[in-house]
Amino acid sequence: MQPKIVLKWLSIIALVVVFNITIYMGGGTSTALPHLMYLPILLAAYFFGYRGSVTIAVIAGLSLGPYMPLNVNLGLQQSPAIWLIRLSFFLLVSLVSGLLIARMNVLNQRIRETDLRSIYTGLYNTNKLKQDLEQYIEQGKKFSLVTYRITNLGSISKYVDDQTMSQLIRGIGHKMREAFDEHTCYSHGRSEYLVAMEGDSDDHIKKKSVEFYKSFSIPIEVNGYRLQLLVKGGLARYPDHGIQAFDIISHVRAASDQEEGQRTGFFYYNKYIDRRNRLAFEVTNALSHAVKSEAFYLMYQPKYNLHTQSVCGVEALIRWDRKDKMPIGPDIFIGVAEEIGIIDEISLWVARECAWQIGAWQEAGIDVKVSINLTSRELLDPLFREAFDQIFQEAGVLPSQIEIEITERVVVESDGLLKENLQKYSELGYKIAIDDYGTGYNTYFSIGEVDVDVIKIDKYFMDRLQQKEINVLVQSIIDYVHLLDKEVVAEGVETLEQVELLEAMGCDIIQGYYYSEPISADAITAYYDEILHLRYKSQNCL
C-alpha cells in the first residue's frame, strides 16, 4: 500500500477517535455530537469509494455502540436498538455517498477524456499531446514529433457537403491510427494531425513518417468523391530541437512551414530557416507600429555622371530604426509591408520626406534629383498615384526631379495594365527607371515596349565585369539602351577598375560604394560641396 493511502486511512481513523472522545466529553450520544461521524464517513467515500466509507461507517457505529453511554453524567447506557439504528444510518449514508461519488468520478473522467479529444477526428487533441510530451520529458525519454497539415481542406469544403467532410476527417484519423498503431496520434482542428514516436531509431522514424506522407499522393474516396489531399509534413526531435513540450510543438509546426511557397512537402526542422521565419513574424507584428510611430528614416546614395563628372542625383533608401533591436533591411520589411497592406503608407511617407528634403536642399543652393522605389501594387492604384503626385505639387517639386524605380522582375511578370500605369506617370512628368536589370531575364523586348527613361544594370554584373562573357554582355546592354535613347546606370560599383571599364563602355551614370555609401541628408549637402570644390580646383589647374 502506498504511503499516501496509508496516511489517509490513519488520518480518517484518528478523526473517528477524536470525535469519540469529543462525544464522550460532551455528555454522550444523547446530544447532537454523534452527527460529527458523518464527516469521516464522507471523507472515506471521497478517497476510497463506497467500500472505504462502509468500513469507516462500521468502525464509527461500533465505537458509538454499547460502550458509549447515552448520558455520561447520569450514567445511562444505550439500548441495543438505538446504536443499531445509528449504525444502520451510518451504513446507508456511506453506501449512498460512496456510490454517488463513484458516479461523479466516472462522469468527471468522461469529461476529462472529452476535453482531451478532438470533436472532429476522435483523436487526442493538443491538450493531451502537451501532457504526454511533458511526461516523456520528465521521464527522460527521447522522442520525435511529426505533423501532417492538410493545406487544401478549405478548398475541398467549398465543393462537398458537411457529411462528406466529416467522413473525410474521421477517415484521416482512422488512417493515421492504423499507420501508427503503436504510437499515440493527435489532431488540432480539422487540418493538422500529429504523432509522437518514442523510443525508435531516427532512421526508422524518418522512414515511417515519410512513407505515411507519401500515402497522401493517392486520392481518398468518400461518398463518391475522389479527393486529393495536399499535405505538408514536418519532424522535430527531443532534445535536439527543444527541451520543453512547447518548443517541440512549435518547432515541428515551423518545420512544416519552412517552404511557405509550397503546398506540399515533408521537412525536417532547421533552426536557421525557423529563425528567418520568426524574424518575418516579428516584422509583421511590429511594422504597423513602426509606421504610426515614424520609426523610419531615409538615407541617400549619390549617383555620379561619368560624362559631366558631377553628381546627378540620389536614390532614397528607407531604413528602420529599431533602437536596440537587431536591424532589419528593406529587402525583408518591404515585402512584409506589401503582404499586410501598409506599403502605400510607407511609400507616401517616403514621398513626403523626399519632397521636404528636396526643398531644403534647394534652399541650400543644391538642385538634387531623387529616385524613389515603388511596387507594382502602388503603381496599379490610381488613388495612390493621385496622392503621390499631390505631395510633390503641394511641395512645389517638379515631377522631372523625381525618378520612379521599379524592378525588372515586376515589369516582366506584369500585364499590359502596369505598362499603361507607367505611361501615366511618364505623362505627368516623372522619370521611370528599371532597377536590377539583367537578373534572370532577357528583357530587351520588354524595354522597347515600356516607356522608361533609365536602365539600371544590376550589381551582379559589376562584380564579374572582368569576365569576358559578362564584359561583352554589359557592353551590348549599354549599346542597346543607347539605341533606344535611354540612360544607363551601373549599380554596385566598388572599384576604380570597374569605373574605368564602364567609362570605356560608354556607361552614363555610376552608383555604388566607390563614390559613396548611402549617407544622411546633411551629408549629401557636404558631399555636393566637396564635389563642386574638387571640380573647381581641377578647372583652375587646367
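Data block above holds the structure.
Quick summary incoming for the structure in this document.

What counts as what
Residues numbered from 1 in each chain as written. Predicted model: local features only at pLDDT ≥ 70, side-chain atom pairs only at ≥ 80, totals over all residues. Heavy atoms only, no water. Helix = DSSP H or I, 4+ residues; strand = E, 2+ residues; numbered from the N terminus. Rg over C-alpha atoms; globule rule 2.2 N^0.38 Å. Buried < 20%, exposed > 50% of the residue type's maximum accessible area, 1.4 Å probe, protein only. Contact = heavy atoms within 4.5 Å. Pairing = 2+ DSSP bridges. Axes fitted to C-alpha atoms, helices over the stretch in contact; angles between N-to-C directions. Disulfide = S-S within 2.5 Å. Phe/Tyr/Trp six-rings, centres within 6.5 Å; stacked < 30°, edge-to-face > 60°. Lys NZ or Arg CZ within 6 Å of the ring centre and 35° of its normal. Polar contact = N/O pair within 3.5 Å; in protein donor to acceptor, adjacent residues only side chain to side chain. Salt bridge = Lys/Arg side-chain N within 4 Å of Asp/Glu carboxyl O. 1 Å grid on protein atoms, 1.4 Å probe; cavity = no way out; pocket = protein on both sides within 12 Å on 5 of 7 lines; lining within 4 Å. Points joined across faces, edges and corners; volume = space filled by probe spheres on them. Nonpolar A, V, L, I, M, F, W, Y, C, P; charged D, E, K, R; others polar.

1. Description of the overall build of the protein
Right, on to step 1. Assigned secondary structure in the protein consists of 20 helices and 15 strands.
Right, on to step 2. Taking 24 Å as the expected radius of gyration for a compact globule of 542 residues, we find that the protein reaches 40 Å, considerably beyond that expectation.
Right, on to step 3. With the C-alpha coordinates aligned to their principal axes, the bounding extent of the protein is approximately 135 × 60 × 40 Å.
Right, on to step 4. In the protein, which comprises 542 residues, the proportion classed as buried is 44%.

2. What about the environment of Pro-399?
Right, on to step 1. Tracing the backbone shows Pro-399 in the loop between helix 13 (382-395) and strand 11 (402-407).
Right, on to step 2. Residue contacts for Pro-399: discarding those within four places in its chain leaves Leu-428, Gly-429, Tyr-430 and Lys-431.

3. Focus on the sheet that holds strand 15 (residues 509-511)
Right, on to step 1. Overall, mixed pairing links the eight strands, which are arranged 8-9-10-11-12-13-14-15 in a closed barrel. Strand-to-strand twist across the sheet, computed as the mean angle between neighbouring axes with direction ignored, equals 30 degrees.
Right, on to step 2. Inspection of the sheet shows strand 8 (residues 296-305) paired to strand 15 by two bridges, in the antiparallel sense. Across the sheet, Tyr-304 pairs through a bridge with Ile-510, a residue of strand 15.

4. Side note on the state of the cysteines
Right, on to step 1. All chains considered together, the criterion is met by zero disulfides.
Right, on to step 2. Free of any disulfide, Cys-507 has its nearest neighbouring cysteine sulfur in Cys-312, separated by 10 Å.
Right, on to step 3. A relative accessible area of 1% places Cys-507 in the buried class.

5. Observations regarding the packing of aromatic side chains
Right, on to step 1. Across all of its chains, the model carries 29 aromatic pairs by this definition.
Right, on to step 2. Note on Tyr-148 and Phe-266: the rings are 6.2 Å apart at their centroids and 40 degrees apart in plane angle, and the pair reads as tilted. Here Tyr-148, found in strand 1 (residues 143-150), pairs with Phe-266, found in strand 7 (residues 265-268); they are 118 residues apart in sequence, far enough to count as distant.
Right, on to step 3. Classification of Phe-266 as buried rests on a relative accessible area of 15%.
Right, on to step 4. Among the aromatic residues, ring-to-ring pairing joins Tyr-148, Phe-180, Phe-212, Tyr-213, Phe-216, Phe-266 and Tyr-268 into one connected group.
Right, on to step 5. The ring of Tyr-268 is capped by Lys-206, whose NZ or CZ atom sits 5.1 Å from the centre of that ring.
Right, on to step 6. Positioned over the ring face of Trp-320 is Arg-322, at 5.1 Å from the centre of the ring.

6. Considering the pairing of strand 11
Looking along a regular strand, one sees the side chains alternate between the two faces of the sheet.
Right, on to step 1. Burial within strand 11 is extensive, with five of its six residues counted as buried.
Right, on to step 2. Pairing analysis gives four bridges linking strand 10 (residues 370-373) to strand 11, with the strands arranged parallel. If you follow Val-370 over to strand 11, its bridge partner there is Ile-402.
Right, on to step 3. In the sheet, strand 11 pairs with strand 12 (residues 431-437) via five bridges, with the strands oriented parallel. If you follow Ile-404 over to strand 12, its bridge partner there is Ile-432.

7. Overview of the side chain of Asn-71
Right, on to step 1. Within the secondary structure, Asn-71 sits in the loop between helix 2 (38-63) and helix 3 (80-115).
Right, on to step 2. Of the polar contacts made by the side chain of Asn-71, one reaches the backbone nitrogen of Asn-73; its length is 3.1 Å.
Right, on to step 3. For Asn-71, the side chain forms a polar contact with the main-chain nitrogen of Leu-74, separated by 3.0 Å.
Right, on to step 4. Sequence-distant contacts of Asn-71, that is, excluding residues within four places in its chain, are made with Gly-27, Ser-30 and Leu-76.

8. Digging into the pattern of salt bridges
Right, on to step 1. Overall, the coordinates contain twelve salt bridges when judged by the stated rule.
Right, on to step 2. In this structure, the salt-bridge partner of Asp-257 is Arg-149, at a minimum N-O distance of 2.2 Å. On the criterion of sequence distance, the pair formed by Asp-257 in the loop between helix 8 (245-256) and strand 7 and Arg-149 in strand 1 is long-range, its members being 108 residues apart.
Right, on to step 3. In this structure, Arg-226 and Glu-221 form a salt bridge, with 3.0 Å as the shortest nitrogen-oxygen distance. This pair shows no difference in class: Arg-226 is exposed, exactly as Glu-221 is.
Right, on to step 4. A single salt-bridge network, built from bridges that share partners, covers Glu-315, Glu-405, Lys-456 and Glu-491.

9. Some points on the layout of surface pockets
Right, on to step 1. The calculated volume of the largest pocket comes to roughly 1,000 Å³.
Right, on to step 2. The wall of the largest pocket is formed by 36 residues, among which Glu-315, Leu-317, Pro-330, Asn-373 and Asp-435 lie closest to the centre.
Right, on to step 3. Of all elements in the fold, only strand 8, strand 9 (310-320), helix 10 (330-340), helix 11 (343-363), strand 10, helix 12 (376-379), strand 11 and strand 12 reach the threshold of two or more residues within the lining of the largest pocket.
Right, on to step 4. By residue number, the principal contributor to the lining of the largest pocket is strand 9, which donates five residues.
Right, on to step 5. Residue composition of the lining of the largest pocket, by class: 15 nonpolar, nine polar and twelve charged.

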